[in-house]
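Results of the structural survey
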Amino acid sequence: MSEEKQRKLAIICSKGSLDMAYPGMVLANAALMSGIEVHMFFTFWGLDMIVDRKMDNLKITPLGNPSMGMPNLLSILPGMTAMATSMMKKEIAKLDFPPVREFLQMIVDAGGHLYGCKMSMDMMKLTKEDLFPGVERVLGAMEFMEISEGAQIIFI
Amino acid sequence: MPSREIAGKVVEVDAEGFLCNPDEWSKEIAEEIAREEGIEQLTDLHWKVIEFCRADFKARGEPPTLRRITKESGVDTKTLYTLFPKGPAKKVARIAGLGKPTGCI
């Protein structure tokens, strides 16, 4: 094909709940399927998506979430978060979307780049060893600026 | 719909060059579209993917998602991206003579 400029996407994932983990991964994967270069930067609660001991256990809570239509008074009951999480995981699987770990591995296998945010990791006392092995590097905000030069940026 | 000649045969294509009618497809057409997509030579592994896509389309009526290809055809994600670099989703569908894929995965 023609020698057009390579389109590039940088996605900043800042949330650690199950429902907020998927938009970033879906967009990253869609971009890779379309031949777009992808960089994912995980910061603050978004680190939960790439912390090895947490990534398989992300949750969604109905508490304070008006979209889920459950009264807050009921949402505080024990087991409600677990129930909502298990329901959402089933729906995700029905659509043939993989769980977080497998999805991120797919993104890495497709050539996507994953980075942990240095400042958030320092704050949470995490090191590279705590992260999912597919994570390429730990970056400071300024390094991310260099990497994302010329990219379209999505903040989630 | 515009039509064009590929590998000596006039076929209907859409604005992005996807075949409109999968039945007009032939192996020679696949080879020529592959060259347009920058793939000089289709190997056995390429054909494994293409044939899976065509069979799956026949069975289910829509082009398979990449997720489905990697799960069902035995060709993993890394290999698929090596075989069809820079945007495998559309390339595979175009070469296999199927419509533009609409799946999100």
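Residues numbered from 1 in each chain as written. Chains lettered and ligands numbered in written order. Predicted model: local features only at pLDDT ≥ 70, side-chain atom pairs only at ≥ 80, totals over all residues. Heavy atoms only, no water.

1. Here we look at the pattern of salt bridges
- Across all of its chains, the model carries 17 salt bridges over all chains by this definition.
- Here Arg101 of chain A and Asp56 of chain A are joined by a salt bridge, their closest N and O atoms 2.9 Å apart. Of this pair, Arg101 of chain A sits in helix α4 (residues 100-109) while Asp56 of chain A sits in the loop between β2 (37-42) and α2 (72-75), placing them 45 residues apart in sequence.
- By relative accessible area, which is 38% here, Asp56 of chain A ends up partly exposed.
- We note a salt bridge from Arg94 of chain B to Glu36 of chain B, for which the minimum N-O separation is 2.8 Å. Here the residue Arg94 of chain B occupies a position in helix α5 (residues 88-95), and Glu36 of chain B occupies one in helix α1 (residues 27-36), the gap between them amounting to 58 residues.
- Arg94 of chain B gets classed as buried once you look at its relative accessible area, which sits at 6%.
- Via salt bridges that share partners, Asp96 and Glu102 of chain A together with Arg67 and Lys71 of chain B belong to a single interconnected network. (Salt bridge = Lys/Arg side-chain N within 4 Å of Asp/Glu carboxyl O. Helix = DSSP H or I, 4+ residues; strand = E, 2+ residues; numbered from the N terminus. Buried < 20%, exposed > 50% of the residue type's maximum accessible area, 1.4 Å probe, protein only.)

2. A closer look at the pairing of β2 of chain A
All names here are of chain A.
- Burial runs high along β2: 5 of the 6 residues are buried.
- Two elements, strand β1 (residues 8-13) and β2, share 6 bridges in a ladder whose sense is parallel. By the bridge assignment for β2, Lys8 is matched with Glu37.
- Where the polypeptide runs from β1 across helix α1 (residues 18-33) and back to β2, its parallel neighbour, the crossover connection is right-handed.
- Relative to strand β3 (residues 113-117), β2 runs parallel, the two sharing 4 bridges. Bridge pairing links His39 to His113 in β3. (Pairing = 2+ DSSP bridges. Right-handed = clockwise from strand over helix to strand, strands pointing away.)

3. A look at the interface of chain A and chain B
- With 16 residues of chain A in contact, the opposing surface of chain B contributes 15 residues.
- Taken together, both faces of the contact between chain A and chain B bury some 1400 Å²; the carbon and sulfur share is 55%.
- The interface formed by chain A and chain B contains 3 salt bridges.
- In this structure, the salt-bridge partner of Asp96 of chain A is Arg67 of chain B, at a minimum N-O distance of 3.6 Å.
- For the interface between chain A and chain B, the tally reads 6 residue pairs in polar contact (both at pLDDT 80 or more).
- Counting only elements with at least two residues in the side of chain A that touches chain B, the list comes to α1 and α4 of chain A.
- Each residue belonging to the side of chain A that touches chain B can be placed in one class, and the counts come to 9 nonpolar, 4 polar and 3 charged. (Contact = heavy atoms within 4.5 Å. Buried area = accessible area lost by both parts, 1.4 Å probe. Polar contact = N/O pair within 3.5 Å; in protein donor to acceptor, adjacent residues only side chain to side chain. Nonpolar A, V, L, I, M, F, W, Y, C, P; charged D, E, K, R; others polar.)

4. Here we look at the nonpolar core
All names here are of chain A.
- Core analysis: the largest hydrophobic core is formed by 68 residues, its most contacted members being Met25, Met40 and Leu104.
- Ranked by residues supplied to this core, first place goes to α1 with 8 residues.
- Sequence-distant contacts of Met25, that is, excluding residues within four places in its chain, are made with Met40, Met49, Val100, Phe103, Leu104 and Ile107.
- Grouped together as the second largest cluster of nonpolar side chains are 9 residues, Ile12, Phe41, Phe144 and Ile147 included. (Core = buried A, V, L, I, M, F, W, Y, C linked by side-chain atoms within 4.5 Å.)

5. Some thoughts on the sheet that holds β2 of chain A
Residue and element names in this part refer to chain A.
- Spatial ordering of the open sheet is given by β4-β3-β2-β1-β5, a layout of 5 strands whose pairing is parallel. The sheet terminates laterally at β4 (137-139) and β5 (152-155), the two strands that pair on one side only. The sheet shows a mean angle of 25° between the axes of neighbouring strands, direction not considered. (Axes fitted to C-alpha atoms, helices over the stretch in contact; angles between N-to-C directions.)

6. Section: unusual backbone geometry
- Phi at Lys125 of chain A is positive, roughly 55°, even though this residue is not glycine.
- Structurally, the position occupied by Lys125 of chain A is in the loop between α5 (118-123) and β4.
- Even without glycine at this site, Lys86 of chain B takes up a positive phi of about 60°.
- Topologically, Lys86 of chain B is positioned in the loop between α4 (77-83) and α5.

7. Some words on α5 of chain B
- The element α5 of chain B is extensively covered by neighbouring structure, given that 7 of its 8 residues are classed as buried.
- Listed as buried for α5 of chain B are Pro88, Ala89, Lys91, Val92, Ala93, Arg94 and Ile95 of chain B.
- Those residues of α5 of chain B that are buried are in contact with α1 of chain A together with β1 (3-6), α1, α2 (44-60), α3 (66-72) and α4 of chain B.
- Where α5 of chain B ends, the next residue or the one after it, Gly97 of chain B, has phi of about 75°, a positive value.

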